[in-house]
Structures are given as C-alpha cells and as structure tokens.
Amino acid sequence: MNRTTTIISKISITKPFSSCFNFCISSKNQFFFHPYNLTTCITSLQLCAHQRNLVKGQEILSYMLRTGLINSPLSITSLINMYSKCNQMHYALFVFKNLSSEHNVFAYNAMISGFYSNGFALKGLDMFKHMRQFGVLPDKYTFPCLIKCCCDVMDVLEVKKIHGMVFKLGLDLDVFIGSALVNTYLKFQYMEDAQELFEELPDRDVVLWNAMVNGYAQIGKFDEALGIFKKMSEEGVLMSRFTVTGVLSVITMMGGFNNGRAVHGTVLKMGYNSGVAVMNALIDMYGKCKSLGDALEIFEMMEEKDIFSWNSIMAVHEQCGDHDGTLRLFDRMLGARIQPDLVTVTTVLPACSHLAALMHGREIHGYMIVSGLSKNGNCEDIDDVLMNNALMDMYAKCGSMTDAQMVFNKMSNKDVASWNIMILGYGMDGHGHEALSMFPCMCEAKLKPDEVTFVGLLSACSHSGFVSQGREFLEQMESRYGVVPTIEHYTCVIDMLGRAGQLNEAYELALAMPVEANPVVWRTLLAACRLHGDADLAEIAAQRAFQLEPGHCGNYVLMSNVYVAVGRYEEVLDVRHTMRQQNVRKTPGCSWIELKNGVHTFITSDQSHPEARSIYAGLRSLTARLYEHGYVPSV
C-alpha cells in the first residue's frame, strides 16, 4: 500500500466522486458544476471552510489525492484552513505533517490561526517555535494570531519578545499587528505601553480608538477614556455605534449626567438613534444617573425593543424604587410576546418582594419552571444559586415561608446568602424557633456566618422575645465566629431589650456600646418607650435623635405617639406645632393591595385612583365605626 492510499484510508469519505469530468458542491441548496482543476478545488475548499461543510471538504481532499493535485502549497494551506474552520485540528495537523514535503509560512500561519480559533493557544505558540526552529521567516500575517495566543495564555513576556521581533522585521507600523499589540497590552493593563504604541501608529482605525476607550474604562480610568474619546473627535475620526456604546458605559460608571446628555446629542446628529444597542446604552446611562423620565422617554420612542431594552428599563425603575412601575413594564413585556430571561427574573422578583406581590411572584416562578429557567436546584451553577436566592427572598418577604422552604430544600448548592434569607424570613414572620434552628444546620454545612446572619438571628430573638439567646449571640459573635458587632447588631439588641420591657438596660447599652449611636438607635428606643408608656426616657431618647437628625419626621411622630399613649395631649399639640415651625412634614403613608388585575398603590390623601370616591366612602364608614369603639388615631 503506497503513501497516498494510506492517507485516503485515514480520511473518511462519505460519497464517491462521479466518474465524469465535473464534480458538484452545494451552496444554500444551489448546485454549481466546475471542471476539476487546481483552482476549482481550492475555491471549493474555501467555500467548504466558509460553510463549515466537512463532508464535502473530505470528498474534495479524496479527489485531490487521487489526481495528484495535493502537491501544491496552496492546496495544503486551503486544506488546513478548511479543517480548522470545521473544528477538526487533528486532521489539520495530519495534513500539515504528512501531505506537505516543504512547509512554508502560509501553512504555518494557517496552523497558528487554526489553533487559536479552536481554543488551543498554547499549541499555536508551540507551532510558532517549530516554525522558527526550521528557519521559516514569519510575515505580517503571522503576528496578529500569535499575539492573540499570548493574550489567551496571559504570557506578557512572550508578547514583549514578539513585539521586539516585529520591530526588527520592520512590521511595527502595520495596523493589524499594532492593533493586536495594543489590545493585548490593554488586557494586561500595560496602559503606558498601549498608549505609546497607539501614538506611534500612523494609521489608526475606529476599532483601535474604541479599544483604547474600552481599555481605560475596564481598569477604572474613566477620565482617560473620555480623553481618548475627545481626541478621537478632534482628529475627525468618524465614530461607530461601538464607540457610542463604549463611551456611554464610561459615563454610566462615572454618573456624568451632563456628559451623557452631550453624547446623546451626538447620537442624534449622527443618526445612531435608530440602533437598538445605542438606545439600550442610553437607557442604562440615564437610569444610572437616576433620570427615570429620560430613560423612559427613550424606551417609548424605540420602534424595535429587544430583551435587553425591556431588561434595562425595568432595572432602571427598580433602581429608582418604582417597584410598581417595574411590574407594569413586566406585564407589558409579556403582552409584547418577549420571552423573559434570567436577568428579567432577577430584576422583577425584588419588585415582587418590595410590594409583597405574592401572586406575581408565583406566576414568575411558574414561568421559570415551564421555560426551563428554573433547574430545581439540580445545577451548581452560580446563576442558579442567585436565581433561587431571589425566589426565596421573594417568598420570605411575601410571608410565604412554606414556599421559601420548598425552594431551599430543592437547592443542591447553597451559599451563605441562602441560609441568611431563610433565617431573616423566619425571624420577620415571627417564627423565632425555626430561625434559630437554621443556624446550627448552617454551621454543620461548613458555611461561616457573616454580619447578615447575626442581624437575622438577633432580629428573630427580638421579635420572639428570646432575650437570653440574643445576649448570648451578641457575646459570641466576635469571640467564637469572628464577626465584629456593628451598629445594626446593637440596634437589634436594643430593640430586643426594649420590646421585652428592659428599657433601662437598652438605654445603658446605647450609651456603652463601642460604636457611636446613630438616630436609628434612638428612634428604636423611642418606639420601645411608646410601647411601654415611658415618657421620661422617651424625652431623653428624642433629644438625642433631634441632635443627630433634626429634620427627620420620625422623631416627632414617635414622640407625639408616646404622649398620646400616656394621655398628655397638650404635649402632642406642642410637637405638632414644632413640626410646623421647623417645616417638617410627615412622609405620606403608602399601602398597596395585589388583585388579579395587578397591584394597586395608595398614598395618603391620594385621589388619583379611578375608584377613589367609593374607596374613601368605605374608609369613612370604617373609621366612624372604630370611633364608636373608642379608637384614637395616632399622628
């Protein structure tokens, strides 16, 4: 058996060639007939590489072996390229080693490029070393892929060597090599090298300018990124959509509203306002700058909205605290037949948590199961943990600990946040025993408790009256678990002591704790004084709160309610008079109810609801009946 026959036997051939003097290849269901010469074979191999058609490529190789057309160097390069594009680097390497008697720079370039594009960067570097050992001189097409290989394996020393070789060969001004080097230096955060090389290049295209902007942005040098952008404009380089989105991301990180407005103006002048990616970036920028109105205006004027558009505008509403708006947009998104993804779910679930919109939350959970977004805890992917944590948090804050426990039990991989959510949820729901019983299980799972864990445990002790256990947790936090108590932990303990009627001990702790008491601590003590009718201590706590935060309406409201609780109504009037003098207004109360047609939100004295008249009529009727039974309203 000769060498050619051996090679043919190692290459799988699915169809024999016709015995006629033409062979056919297909392209998008159309057939083209070509005479079988070297040019046609090479053209056909290039088409197979483009279409990743391995079967036809192997048929052409078989034909070339039988007819002797394989001996051309261009044939070898085309075959290597075809196998590389079809993700068959073992065949490409076989062709390189066995079918070519003399390796040239083109074959080496094809192999290096193939190794890089198939994720074998180290083998690409080894091929370059092999090339140098055999005395083959690299050309300007060798280096871009070679530099990318170094970038993939994070070998900056090799990049420096290659840069020196490029300089010796006089190729340092080539735009493609220069771009590859600049991008690699940017990735390694060698900003001075990148900037120096960038300034030396005589021909800098928009892609290279974009790379410099994004490179500075990725390491947090936002002023330098904007400087590059301004210089680009001064030199008359025409921006692309990628330039705009890159600069907008920089402005988003900086929170530069005025700069964002300026870029928005440039977008309008250049006609990029029809691009979905640019509009999404503008929505994100205005959202991060807390300009909800501008973000919504851009969203509404978009003719085409993709999943990123919907996710961006919902995230903006959620960041601005408009949870009701987030859910309304989610309903609109479903009405537009846009399928939610993981980002959508993790954006909308917190809105359900804040509004206690349990029905919405259950609908989202059901959709996740049906669509496959929910893996029922069988996957240990980090996104799966985050998603299940969001689900548990929603159920816990909506008061459905049974559902939260069900999600928790199905999770095969739990992090500290998973346990914290359950502890906090049980504590808020008044199930102190269940909250405390989670803690030893968490420790058995070899997860170290953090600050949030102890906030949950101390809150549970406070709401359930477990004073001795709460004291024990505070004492053991640092000594046993290495968690230094913060102001939040001391506030929980003061609340716990206050609820239990141990007001003097709570006051002493507020004075003695190693961190300075903030207004929240004193308002917590004020609330406890109201609960137990201790006006004297309340006045001391109120004085401290007024000193630290004189304009907070809660100080006045709590003190007024203390006086109401002990029947000192003249002092109630004095407090209200002081509020008016200080121009302090009570924050309007807000309530909401979830019905089948959505979440209805109500603010004190709000008349905007379409059924406001009947609602207020019912409210007046209820209030009248409460007065009959001796009800006295608080401030």
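Residues numbered from 1 in each chain as written. Predicted model: local features only at pLDDT ≥ 70, side-chain atom pairs only at ≥ 80, totals over all residues. Heavy atoms only, no water.

1. Quick look at the packing of aromatic side chains
When we look at a pair of aromatic rings, we describe it by the centre distance and by the angle of the planes. Going by this rule: Two rings from Phe, Tyr or Trp (for Trp, the six-membered ring) form a pair when their centres are within 6.5 Å of each other. A pair whose planes differ by under 30 degrees is stacked, one over 60 is edge-to-face, and the rest are tilted. Secondary structure elements follow DSSP: runs of H or I of four or more residues count as helices, runs of E of two or more count as strands, with numbering from the N terminus. Throughout, exposure labels follow a simple rule: accessible area from a 1.4 Å probe, protein chains only, divided by the maximum for the residue type, with under 20% read as buried, over 50% as exposed, and the rest as partly exposed. Our definition puts a charge over a ring when NZ of Lys or CZ of Arg is within 6 Å of the ring centre and also within 35 degrees of the ring normal.
Taken as a whole, this structure holds 13 aromatic pairs when the rule is applied. Here Y185 and Y190 contribute two aromatic rings whose centre-to-centre distance is 6.4 Å and whose plane-to-plane angle is 25°, an arrangement assigned as stacked. Between F439 and F473 the ring centres are 5.7 Å apart and the planes differ by 90°, which places this aromatic pair in the edge-to-face class. Here the residue F439 occupies a position in helix α25 (residues 432-444), and F473 occupies one in helix α27 (residues 467-481), the gap between them amounting to 34 residues. Across the pair, F473 and F439 agree in class, each one buried. Feature note: the residues F439, F454, F473 and Y481 constitute an aromatic cluster, connected by ring pairs. Positioned above the aromatic ring of F120, the side-chain terminus of K123 is 5.1 Å from the ring centre. In this structure, R204 is placed above the aromatic ring of F198, and the distance from its NZ or CZ to the ring centre is 4.7 Å.

2. Comments concerning unusual backbone geometry
Unlike most non-glycine residues, M154 shows phi in positive territory, near 55°. We note that R337 has phi near 60°; this positive angle belongs to a residue other than glycine. With a relative accessible area of 74%, R337 lands in the exposed category.

3. A look at the nonpolar core
As a reminder of what qualifies: What makes a nonpolar core is a set of buried Ala, Val, Leu, Ile, Met, Phe, Trp, Tyr and Cys residues whose side-chain atoms join them at distances within 4.5 Å. The contact rule is simple, with two residues in contact once any of their heavy atoms fall within 4.5 Å.
I80, V182 and L282 are the most contacted members of the largest nonpolar core, which totals 185 residues. The leading source of residues in this core is helix α22 (residues 382-397), at eight residues. Filtering out sequence-adjacent residues up to four positions away, I80 remains in contact with A92, V95, F96, A107, A110 and M111.

4. Structural notes on the environment of T346
In plain terms, the rule: Polar contact criterion, stated in full: a pair of N or O atoms within 3.5 Å, where within protein one must be able to donate a hydrogen and the other to accept it, and residues adjacent in sequence count only if both atoms are side-chain atoms.
Mapped onto the secondary structure, T346 falls in helix α20 (residues 342-355). Sequence-wise, T346 and L391 are 45 residues apart; in three dimensions their C-alpha atoms are separated by 8.5 Å. Separated by 3.0 Å, the side chain of T346 and the backbone oxygen of L342 make a polar contact. Polar contacts involving the side chain of T346 include one to the main-chain carbonyl oxygen of V343, which spans 3.1 Å.

5. Let's talk about a nonpolar patch on the surface
We count it as follows: Every patch collects residues that have over 30% relative accessible area and no salt bridge, joining them within 9 Å if they carry like charges and within 5 Å if they are nonpolar side chains (Val, Leu, Ile, Met, Phe, Trp, Tyr). Per-residue and other accessible areas follow the Shrake-Rupley method at a 1.4 Å probe size, with only the shown protein chains counted as cover for residues. Here, a salt bridge means any Lys or Arg side-chain nitrogen found within 4 Å of an Asp or Glu carboxyl oxygen.
Judged by side-chain polarity, L626, Y627 and Y631 come together as a nonpolar surface patch covering roughly 320 Å² of accessible area. Along the polypeptide, Y631 turns up in the segment after α34 (612-628). Since its relative accessible area comes to 38%, Y631 is described here as partly exposed.

6. Notes on the pattern of salt bridges
Applying the stated criterion across every chain yields a total of 16 salt bridges. Taking the shortest distance from any N to any O, the salt bridge between K288 and D284 comes out at 2.8 Å. Within this pair, K288 and its partner D284 are both found in helix α16 (residues 276-288), separated by four residues, close to a single helical turn. Residue R568 pairs with E539 through a salt bridge whose shortest N-O separation is 3.2 Å. Here R568 is found in the loop between α32 (553-565) and α33 (569-581), whereas its partner E539 is found in helix α31 (residues 535-548), with 29 residues between them in sequence.

7. As for the confidence of the model for the chain
Applied cut-off: Predictor confidence is given residue by residue as pLDDT, running from a minimum of 0 to a maximum of 100.
Confidence in the prediction of the chain, expressed as mean pLDDT, is 83, and 88% of residues score 70 or more. Confidence drops under a pLDDT of 50 for residues 1-34, and excluding neighbours within four residues, the segment shows 60 contacts in the predicted structure. Note that pLDDT drops below 50 for residues 376-382; the model gives that stretch 13 contacts with residues more than four away or on any other chain.

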